[in-house]
Amino acid sequence: MAQENRGFDLEAKSDTEMVIIEVKGNKDSASEVFLTLAEQEIASQAGNGYRWQLWHVSRLARDSGAQPEIRIYESIPSAALRPDHYILDLTKCNPIPQEELATSKIVPAIVIPDV
């Protein structure tokens, strides 16, 4: 994320729309992610001039043998939030189906640099 706390990681713009993207990653599979208050506020204001997406990238550990996976969520149901610290329960959210992503203009890609 940039130095200032904007409440999101990426901003994608076209002539007709803007998408605000929050990216969360885990080395293994995960059913919860942590959202800061700023991130949750940006998500809750979606529709006011922008769409919001959460890109959850899991299975990033090099030694796991599993391919990394990206799931994209466009809304946060209230049942998914625990307001004491905004951990988002991904099992209560619906990712965009992989088939739909394949035909969309959004093409998530994972590039893991050699460290």
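Residues numbered from 1 in each chain as written. Predicted model: local features only at pLDDT ≥ 70, side-chain atom pairs only at ≥ 80, totals over all residues. Heavy atoms only, no water.

Asks: Give a description of unusual backbone geometry that names residues and reports values.
Replies: Despite not being glycine, Arg 59 has its phi angle at roughly 60°, a positive value. As for its position among the elements, Arg 59 is in the loop between β4 (51–58) and β5 (69–73). (Helix = DSSP H or I, 4+ residues; strand = E, 2+ residues; numbered from the N terminus.)

Asks: Quick rundown of the sheet that holds strand β6 (residues 81–82)? Include the residues and the values.
Replies: On the basis of which strands lie adjacent, the open sheet formed by three strands has the order β3-β7-β6 and antiparallel pairing. Of all strands in the sheet, those with a lone pairing partner are β3 (32–34) and β6, marking the two edges. Bridge count for β3 against strand β7 (residues 87–89) is three bridges, and the pairing is antiparallel. Bridged to Glu 32 within β7 is Asp 89. (Pairing = 2+ DSSP bridges.)

Asks: I'd like a description of the side chain of Ser 58, backed by residues and values.
Replies: Locating Ser 58 in the fold gives a position in strand β4. Once residues lying within four places of it in the same chain are set aside, the contact partners of Ser 58 are Asn 26, Asp 28, Ser 29, Pro 68 and Glu 69. (Contact = heavy atoms within 4.5 Å.)

Asks: Just give me the short version of the sheet that holds β4, but keep the residues and values in it.
Replies: What links the strands of a sheet is backbone hydrogen bonding, and the strands pair in either a parallel or an antiparallel sense. In spatial order, the strands read β1-β2-β4-β5; together these four strands make up an open sheet with mixed pairing. Two strands close off the open sheet at either side, each with one partner strand: β1 (10–13) and β5. Ignoring strand direction, the axes of neighbouring strands in this sheet form an average angle of 25°. The pairing of β4 with β5 spans five bridges and is antiparallel. Directly across from Leu 54, in β5, lies its bridge partner Tyr 73. (Axes fitted to C-alpha atoms, helices over the stretch in contact; angles between N-to-C directions.)

Asks: Explain the environment of Leu 54 to me, using residue names and the numbers behind them.
Replies: Along the polypeptide, Leu 54 turns up in strand β4. Distance in space between the C-alpha atoms of Leu 54 and Pro 95 is 9.2 Å, their sequence separation being 41 residues. Sequence-distant contacts of Leu 54, defined by excluding residues within four places in its chain, comprise Glu 22, Lys 24, Val 33, Arg 71, Ile 72, Tyr 73, Leu 88 and Leu 90.

Asks: Describe the side chain of Asp 89, listing the residues and the values that go with them.
Replies: On the secondary structure map, Asp 89 appears in strand β7. You can call Asp 89 buried: its relative accessible area is 15%. Within polar-contact distance, the side chain of Asp 89 engages the side chain of Thr 91 at 2.5 Å. (Buried < 20%, exposed > 50% of the residue type's maximum accessible area, 1.4 Å probe, protein only. Polar contact = N/O pair within 3.5 Å; in protein donor to acceptor, adjacent residues only side chain to side chain.)

Asks: Give a detailed account of helix α1 (residues 37–44), specifying residues and quantitative values.
Replies: Among all positions in α1, only Ala 38, Glu 39, Gln 40, Ile 42 and Ala 43 are buried. Lining the buried residues of α1 we find β2 (18–25), β3, β4 and β6.

Asks: Quick one: what's the story with the pattern of salt bridges, residue by residue and with numbers?
Replies: This model, assessed by the stated rule, comprises seven salt bridges. For Arg 51, the salt bridge goes to Glu 74, with nearest N and O atoms at 2.6 Å. Taken as a pair, Arg 51 in strand β4 and Glu 74 in the loop between β5 and β6 lie far apart in primary sequence, 23 residues in all. By relative accessible area, Arg 51 is classed as partly exposed at 31%. Given the relative accessible area of 35%, Glu 74 is considered partly exposed. The salt bridge involving Asp 89 is made with Lys 92; its shortest N-O contact spans 3.3 Å. (Salt bridge = Lys/Arg side-chain N within 4 Å of Asp/Glu carboxyl O.)

Fair warning: the whole summary comes from geometry, so function is off the table for now.
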